[in-house]
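Results of the structural survey
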Amino acid sequence: MPGRLAGLSTLVTGGGSGLGRAIVERYLAEGAVVTVLERSPEKLRDLVASHGDSIRPVQGDVTSGEDNVAAVEAALEAFGGLDTFVGNAGLWDFGKPLLDMTMNDLEQGYRELFDVNVKGYLVGARASAKALTERSGSMIFTLSNAALFPRGGGVLYTASKHAGVGVVSQLAYELAPHVRVNAVAPGGMATDLRGPAAMGLADQSIKDILPAEDRLRQYSALDIAPRAEDYVDTYVLLASRNESRTVTGAVFDVSTVGTPRRPDATS
Ligand code: NAD
């Protein structure tokens, strides 16, 4: 059976670990080829060792327009075109409240976090739009429950992910009818997600501080503690040519946290 993404050329930013890596591996399993823009050379080496020629690794920084252009060019050169751009690399603020930040933390942290979470998505969109237009392709951005609700981070992260909703809505309008633009908003999962160095948050991961699985389940209306792999189906749906032809400007809330659990739920 050919996969649901057979023959598609895709580009995933931050594909070296966590959700990005889960998307890369599922896209490969569905028959796509994948270019990965990632800043960690170790993570890229590991991906290539596991998946060989189906992966085109590009080491670079998503905040750089030039690096995004290089990644798109690498996809065109290796695979002859580009069908899907997945903007995914992100930083978290570890839920830091406004009043716990010094003014310096706030100013420098804002710059670093918004550079990755918002500018990174915009320059990625700018770099990939022409190639996607040629193939009537699509963009998919990773947002978060924090794009829609409070308490998924601190105010820096929440504001940056809300900005992502604006990116999707405006670009879906500007790039129609040639390129579909959508987002997926997952909830908390144990990954290597890090924070801004300027706030002293670069050397810890969300997996080190997330509550144990049984407590995590209590945040979920569906009583589950999702892993990165649990979120990737929506990314397949949105990349597919014939499964989401009518979908653009949509933010899929797959976080399971928006509907609180019933107070009488027992487990
Ligand atoms: P992760 O750190 O495991 O993956 C992110 C990847 O992006 C890493 O491989 C990292 O090296 C790379 N990266 C970071 N900054 C980069 C840069 N400037 N240039 C290039 N690569 C860079 O974390 P994750 O949890 O898989 O995060 C992926 C996305 O999921 C992010 O957008 C995040 O906001 C979102 N998200 C995560 C959670 C969670 O609980 N982990 C919840 C909701 C949304």
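Structure: see above.
Residues numbered from 1 in each chain as written. Predicted model: local features only at pLDDT ≥ 70, side-chain atom pairs only at ≥ 80, totals over all residues. Heavy atoms only, no water.

On strand β4 (residues 84-87), burial covers both faces: Thr 84 and Val 86 on one face and Phe 85 and Gly 87 on the other are all buried. Pairing between β4 and strand β5 (residues 138-142): four bridges, direction parallel. The residue of β5 that forms the bridge with Gly 87 is Phe 141. As for the winding sense of the linkage, the β-α-β connection from β4 through helix α4 (residues 103-134) to β5 is right-handed. (Buried < 20%, exposed > 50% of the residue type's maximum accessible area, 1.4 Å probe, protein only. Helix = DSSP H or I, 4+ residues; strand = E, 2+ residues; numbered from the N terminus. Pairing = 2+ DSSP bridges. Right-handed = clockwise from strand over helix to strand, strands pointing away.)

So, on to the site of the ligand. Neighbouring the ligand are 29 residues; Ser 17, Glu 38, Asn 88, Tyr 157 and Thr 191 lie closest to it. Contact between the ligand and Asp 61: a nitrogen atom at 2.9 Å from a side-chain N or O atom of the residue. Here Thr 191 contributes a side-chain N or O atom positioned 2.6 Å from an oxygen atom of the ligand. Look at the ligand: alone it shows 820 Å² of surface, and the protein chains cover 97% of it. Elements with a contribution of two residues or more to the shell around the ligand: α1 (18-29), α4 and α5 (155-175). (Near = heavy atom within 4 Å. Polar contact = N/O pair within 3.5 Å; in protein donor to acceptor, adjacent residues only side chain to side chain. Areas by Shrake-Rupley, 256 points an atom, 1.4 Å probe, with all protein chains shown as cover.)

The full count for this structure, using the stated rule, is 14 salt bridges. Across the pair Arg 21 and Asp 46 runs a salt bridge whose closest N-O atoms are separated by 2.8 Å. Pair noted here: Arg 21 is in helix α1 and Asp 46 is in helix α2 (residues 41-51), with a separation of 25 residues, a long-range link. By relative accessible area, which is 16% here, Arg 21 ends up buried. Judged by relative accessible area, Asp 46 falls into the partly exposed class, the value being 41%. (Salt bridge = Lys/Arg side-chain N within 4 Å of Asp/Glu carboxyl O.)

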